[in-house]
Structure formats: structure tokens, C-alpha cells
Amino acid sequence: MRLEGKVAVITGASRGIGKSISEQFAREGAMLVLSARTRSTLDAIAEKLRETGVEVLVQPADVSIERDVVALIAAAARNYGKIDILVNNAGIGIFKPVSETGTDEFDALFDVNMRGVFIATREVLRHMVEQNDGTIINIASLAGKNPVENGAVYAATKWALLGFSKSIMLEMRKHNIRVVAIYPGSVDTEFGSGHHPDGEKILQADDVAEAAVLAASLPPRAMMSEIDLRPTNPK
Ligand code: NJP
């Protein structure tokens, strides 16, 4: 049980990578706060986990709405008295040429993929700095390190996340707070309406979850600040 007694807040926990992280964290002994916009899906996941003895709080939030995110972190801290791990996983993808991308789509991408991460991180850091302990895991993307044809704005949100994540990593390590960015390639989920390169062998959500468990369970003195995750044999 590599995360025994740890309290983890996971955004985008209702499906895909966030659901896998929730399940693997639970298996490793963590207590959970599950969040996404859809309460019914979160409740169903929570019910299954509780049957196995896991402590779970469900707190729906739209990460593009500041008061939702503030309420999420406050509810987690109130319920458990501490927050050990925040996984900023909620994200959206819109893939089309920039000439066809609306300003509303640009705003939606940045609001969810970057602004929501900023607000959740700021709110949780208040607790983690006081605790002098904590781990923040940002689910970024290899699209945050590479150009993406027909995905310029999505890529821009993840490049922004990379700058944010690396900067707070330097800012926060003096407080014993680890900041980890995981950069997966394509993962087999419903993300971006299943936008995946044809015929490419892609990662599974559980693979990303394994990386998150590993990063969160290193000895507190050690920080794995960046993880590139690719399929081994893509074609
Ligand atoms: O996506 P998907 P993934 N506020 O669509 C929630 C990154 N990534 O698991 O709100 C709060 O299956 C949504 O729930 P609901 C990607 O950029 C992926 O693949 O109820 N939550 C659901 O739980 C993202 O950051 C790939 O609709 C919101 C979850 O987010 C992360 O991995 C590759 C929300 C999305 O589940 C998870 O993606 C890569 C909001 N406004 C990086 N909007 C990939 N899959 O290929 C959505 O490099 N959610």
C-alpha cells in the first residue's frame, strides 16, 4: 500500500485517466476526493470504491468556474483535515485548424486546461505550505512539448501548463512540496471525441495512473518532476 493514509483530490475523476488514477490510488490505500462536473458518474464510482472499504468524498466542480474549484479544495480540507496530493487531470481537447477555431473554443480550452489548474493549485498550496508537505501532479501532454497540427490551441494550453508546472516546482520545493508533470502521448479514452492518430498503438489510462502512483509514492525527499510517457512500439 504505497499511498496508505494519503488524501488525494482528483479532478476529471469520472472517466478516462482520472478514473484510473482514482482506482489505483484507492488500491494503494489513499482516501479520495473525486471531482468532475457530473455527480451521477462520480457517485457510481464512489459507491464501488466504498464497497471495498475506501473513504471517498464526492465534490462536483466545473474547473472553469472559480467558486467551484475553491469549494472543492475547501471541502477536501474540511472533510479530511489535510490534502496530501492534488491531481490536476480535468482537461478538454478541441482539434481543428486554427482558422476554424472560435474565440469561445480558445477560451474554453484555456479555462479548463490552464486557468482551472492555476486556481486549484493556488488553493491547495495554502494547505500544503502550512503542512510543509504535499504532491501536485499535473496531467500535461506531449502536446505541451511538441507542435500539434490541427491542435494549436490545445497544444498552447499544455505548453502553458509546462511553464506553470516547472516554475511552481522550483517555487515550492523549499516547502517540501513536489510538483510533477506527466506528459502522455495518445491515451485510449473518450478525450477529444476519441481523437487518436489512425493505426497508432496508444497508451491505456492505467499506464498513466501507474506513473502517477509512482511519482506520488517516492520517498518524500525525492521528486520525479517530469515524466514523458510514450507507447513502446507505436506502429
Ligand atoms: O479525457 P476524458 P482523458 N470541469 O475526456 C472531466 C490529458 N491527456 O482522461 O466533467 C471539471 O476521458 C470529465 O468529466 P465531466 C488531457 O488533456 C489526454 O483522456 O463529468 N471536469 C472527465 O472526468 C486531460 O488533461 C490524452 O465531463 C471536467 C475528464 O475531465 C487528461 O489527460 C493525451 C471539465 C475528461 O475525461 C485527462 O484526459 C494526453 C470541466 N470543465 C493528455 N471538462 C489522451 N486521452 O489521448 C471535462 O497527452 N472534465
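See the structure shown above.
First things first, this report covers the structure right here in the doc. (Residues numbered from 1 in each chain as written. Predicted model: local features only at pLDDT ≥ 70, side-chain atom pairs only at ≥ 80, totals over all residues. Heavy atoms only, no water.)

Overview of the site of the ligand
Now for step 1: Looking at the ligand, there are 31 residues lining it, with Ser14, Thr38, Ser141, Pro184 and Thr189 nearest.
Now for step 2: Asparagine 89 is positioned such that a nitrogen or oxygen atom in its backbone is 2.8 Å from an oxygen atom of the ligand.
Now for step 3: The site holding the ligand turns out to be the largest pocket.
Now for step 4: Going through the elements one at a time, helix 1 (16-27) and helix 5 (152-172) are the ones with two or more residues in the shell around the ligand.
Now for step 5: The residue inventory of the shell around the ligand, partitioned by class, reads 15 nonpolar, eleven polar and five charged. (Near = heavy atom within 4 Å. Polar contact = N/O pair within 3.5 Å; in protein donor to acceptor, adjacent residues only side chain to side chain. 1 Å grid on protein atoms, 1.4 Å probe; cavity = no way out; pocket = protein on both sides within 12 Å on 5 of 7 lines; lining within 4 Å. Sits in = over half its atoms within 2 Å of the grid points. Helix = DSSP H or I, 4+ residues; strand = E, 2+ residues; numbered from the N terminus. Nonpolar A, V, L, I, M, F, W, Y, C, P; charged D, E, K, R; others polar.)

Some points on the layout of surface pockets
Now for step 1: Reported here for the largest pocket is a volume of approximately 1200 Å³.
Now for step 2: Considering the residues around the largest pocket, the lining is formed by 47 residues, among which Gly91, Ile92, Tyr154, Phe191 and Gly192 are closest to the centre.
Now for step 3: Every element with two or more residues in the lining of the largest pocket is listed here: helix 1, helix 5 and helix 6 (191-194).
Now for step 4: Residues of the lining of the largest pocket, tallied by class, amount to 21 nonpolar, 18 polar and eight charged.
Now for step 5: Looking at the second largest pocket, its volume works out to about 190 Å³.
Now for step 6: The wall of the second largest pocket is formed by 14 residues, among which Lys6, Thr135, Arg178, Ala216 and Pro220 lie closest to the centre.
Now for step 7: Secondary structure elements with two or more residues in the lining of the second largest pocket: strand 5 (134-139) and helix 7 (205-217).
Now for step 8: Among the residues forming the lining of the second largest pocket, the class breakdown is five nonpolar, four polar and five charged. (Points joined across faces, edges and corners; volume = space filled by probe spheres on them.)

Looking at the pattern of salt bridges
Now for step 1: Going through the model one piece at a time under the given rule, you end up with 13 salt bridges.
Now for step 2: Arginine 15 is the salt-bridge partner of glutamate 190, the closest N and O atoms lying 3.7 Å from each other. Taken together, the residues span a long stretch of sequence, with glutamate 190 in the loop between strand 6 (177-184) and helix 6 and arginine 15 in the loop between strand 1 (7-11) and helix 1 at a distance of 175 residues.
Now for step 3: With relative accessibility at 57%, the residue glutamate 190 sits in the exposed group.
Now for step 4: In this structure, glutamate 226 engages lysine 166 in a salt bridge whose closest nitrogen and oxygen atoms are separated by 3.3 Å. Taken together, the residues span a long stretch of sequence, with glutamate 226 in strand 7 (residues 226-229) and lysine 166 in helix 5 at a distance of 60 residues.
Now for step 5: By relative accessible area, glutamate 226 is classed as partly exposed at 31%.
Now for step 6: Lysine 166 gets classed as partly exposed once you look at its relative accessible area, which sits at 38%. (Salt bridge = Lys/Arg side-chain N within 4 Å of Asp/Glu carboxyl O. Buried < 20%, exposed > 50% of the residue type's maximum accessible area, 1.4 Å probe, protein only.)

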